[in-house]
Amino acid sequence: MGGASDGLAGSSSLRRILMNINEQIQLWNQVIVRVLDIRIKRVGHGDEIRDYVAPTSMFMYLANGSAELWADGDVWLAERFHLQHIGKGKRVSVQSASSLDAYMILYKASLPASALWEFHMMMQTENPFMESWGLAPSEPLVLLEMLQAMVDDWKQADGGGRGQFDEEKSSGKDDGLRWLKAKGDFIRFTHAALRERAEHPCVPSLAEQVIRYMARNYRGVISVEQLAQQMNYTPQYVSRKFKEQMGCSPLEYAIRLRMDMARNLLRDTAATQQEIAAYVGYPDVIYFNRVFKKQTGVTPGQYRQKYRDAVSKDTRNRSNSSVVAPHPAMYHVDNNDIHYHLLVRWGK
């Protein structure tokens, strides 16, 4: 299994990717681009970015660490350096067992009314600015150097604050030149990113394919035999390659996916434990409780109560403070999944 047919399928997939990239490059040459924000977020050991909804199109570059990067139901396994494009509205999570730097560029691209009709049709059917894709760059240090300079320049243009440098509110020659430089630097970075994608198109690894399948089907019965059939490999090969990359078996990872969803539901809904257990694939609530406690160290009821206590405490602290977060906030639970934190967007 997984012989010549896999090679043909892979070649066909690669051809489709290359055709799609060439069309997207044509569209990039037509749009008007506005840079909205450039930030670096340092993610600590066992820390994560959880369920951040991208307010606009963005590039993310992960450096000096390994992580799982999720954009809705798709996952990319980042090692050392990883370049990611994320479409507007995608729900983004970065989970890392080590420390790493996450560089982020938020931008908006619009097509002028004078553009040819075919480009307007492309924006309607295959809008590249709404698409998510990722790859391991062949020249990671070149991209890293560009991003470090862009972050430094953006901080100077922003006066070292946490706000966004807005070209519409800028005044004077210096502000105009800084904005022009930011836009030029972004175009050069985008050129390097698209060149990487065109010259080194990335097909998802076997582990990434398995995780994406499980993320879409975790509520049902999952077996290694089923996964092997989907991937057109033997069960032994799937298990071995998955464990080499992820350090656990596919079924152990499926349990983790179910428990992650259960934690989300316990935090964000009023659903009963029975309803949550059934939703994530455990008809037996007693067995679900046992698995949940083994994974988290607490029962589902204890988890929900501790989370609510932490939220209540954080709300009281913020209501007694005169400091207001200048940007929309994103929340996450630390590696023990107990303490509740407020992270000002892109804050350090």
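Residues numbered from 1 in each chain as written. Predicted model: local features only at pLDDT ≥ 70, side-chain atom pairs only at ≥ 80, totals over all residues. Heavy atoms only, no water.

Describing the overall build of the protein
Quick note on the threshold: A run of H or I in DSSP counts as a helix once it spans at least four residues, and a run of E counts as a strand once it spans at least two, with each numbered from the N terminus. Here's how the labels work: a residue is buried when its accessible area is under 20% of the maximum for its type, exposed when over 50%, partly exposed in between, all with a 1.4 Å probe on protein chains only. The contact rule is simple, with two residues in contact once any of their heavy atoms fall within 4.5 Å.
Scanning the protein for helices and strands turns up 11 helices and 9 strands. Going through the 348 residues of the protein one by one, you find that 44% of them count as buried. Long-range pairs, those at least 24 residues apart, make up 76% of the contacts in the protein between residues at least 6 apart in sequence.

Some points on the side chain of Arg267
Using the following cut-off: Polar contact criterion, stated in full: a pair of N or O atoms within 3.5 Å, where within protein one must be able to donate a hydrogen and the other to accept it, and residues adjacent in sequence count only if both atoms are side-chain atoms.
On the secondary structure map, Arg267 appears in helix H8 (residues 250–268). Of note is the side chain of Arg267, whose polar atom sits 3.0 Å from the side chain of Tyr303.

A few points about the nonpolar core
The condition is simple: Residue types Ala, Val, Leu, Ile, Met, Phe, Trp, Tyr and Cys, when buried and joined through side-chain atoms within 4.5 Å, form a set referred to as a nonpolar core.
In this structure, Trp28, Phe59, Tyr61, Leu83, Ile105 and Phe186 are the most contacted members of the largest nonpolar core, which totals 37 residues. Examining the composition of this core, we find that 7 residues originate from one element, helix H4 (residues 172–199), more than from any other. Counting 35 residues, the second-largest nonpolar core is a separate cluster that includes Trp70, Leu257, Phe288 and Phe292.

Let's talk about the pairing of strand E1 (residues 32–43)
Definition in use: Here, a strand pair is defined by DSSP locating no fewer than two bridges between the strands.
Burial analysis of E1 places 9 of its 12 residues in the buried class, the great majority of the element. Pairing between E1 and strand E6 (residues 100–110): 11 bridges, direction antiparallel. Residue pairing for E6: Val33 is matched across the bridge by Ala109.

Examining unusual backbone geometry
A positive phi is found at Asn64, a non-glycine position, where the angle reads about 70 degrees. Along the chain, Asn64 turns up in strand E3 (residues 57–71).

Some thoughts on the packing of helix H5 (residues 206–217) against helix H7 (residues 235–246)
What counts, and what does not: Axes here mean lines fitted to C-alpha atoms, for a helix over just the part in contact, with angles spanning 0 to 180 degrees between N-to-C directions. Our angle categories are set so that under 35 degrees counts as roughly parallel, over 145 as roughly antiparallel, 65 to 115 as roughly perpendicular, and the remainder as oblique. Asp, Glu, Lys and Arg are counted as charged, while Ala, Val, Leu, Ile, Met, Phe, Trp, Tyr, Cys and Pro are counted as nonpolar; the rest, among them Gly, fall into the polar class.
Here H5 crosses H7 at 100 degrees, and the two axes come no closer than 9 Å. Considered as vectors, H5 and H7 are oriented roughly perpendicular to each other. Facing H5, whose interface residues are Leu206, Ala207, Val210, Ile211 and Met214, H7 presents Tyr237, Val238, Lys241, Phe242, Gln245 and Met246. Among the residues forming the contact of H5 with H7, the class breakdown is 9 nonpolar, 1 polar and 1 charged.

Observations regarding the confidence of the model for the protein
Any residue range with low pLDDT should be treated as having predicted coordinates unsuitable for detailed reading. So the rule is basically this: How sure the predictor is of each residue is captured by pLDDT, a score from 0 to 100.
In this model, the protein carries a mean pLDDT of 81, and residues with pLDDT of at least 70 account for 78%. Ranking the helices and strands of the protein by mean pLDDT puts helix H9 (residues 273–279) first, with 96, and strand E9 (residues 340–344) last, with 28. In the predicted structure, residues 1–10 sits below a pLDDT of 50 and forms 8 contacts with residues beyond four places in sequence or in another chain. With pLDDT under 50 throughout, residues 319–348 is counted as low confidence; its partners more than four residues away or in other chains account for 68 contacts.

What about the pairing of E6?
It is a general feature of regular strands that their side chains alternate between the two faces of the sheet. When you tally the buried positions in E6, you get 9 out of 11 residues, the bulk of the element. Summarising the sheet, E3 and E6 pair through 7 bridges and their orientation is antiparallel. Residue pairing for E6: Ala63 is matched across the bridge by Asp101.

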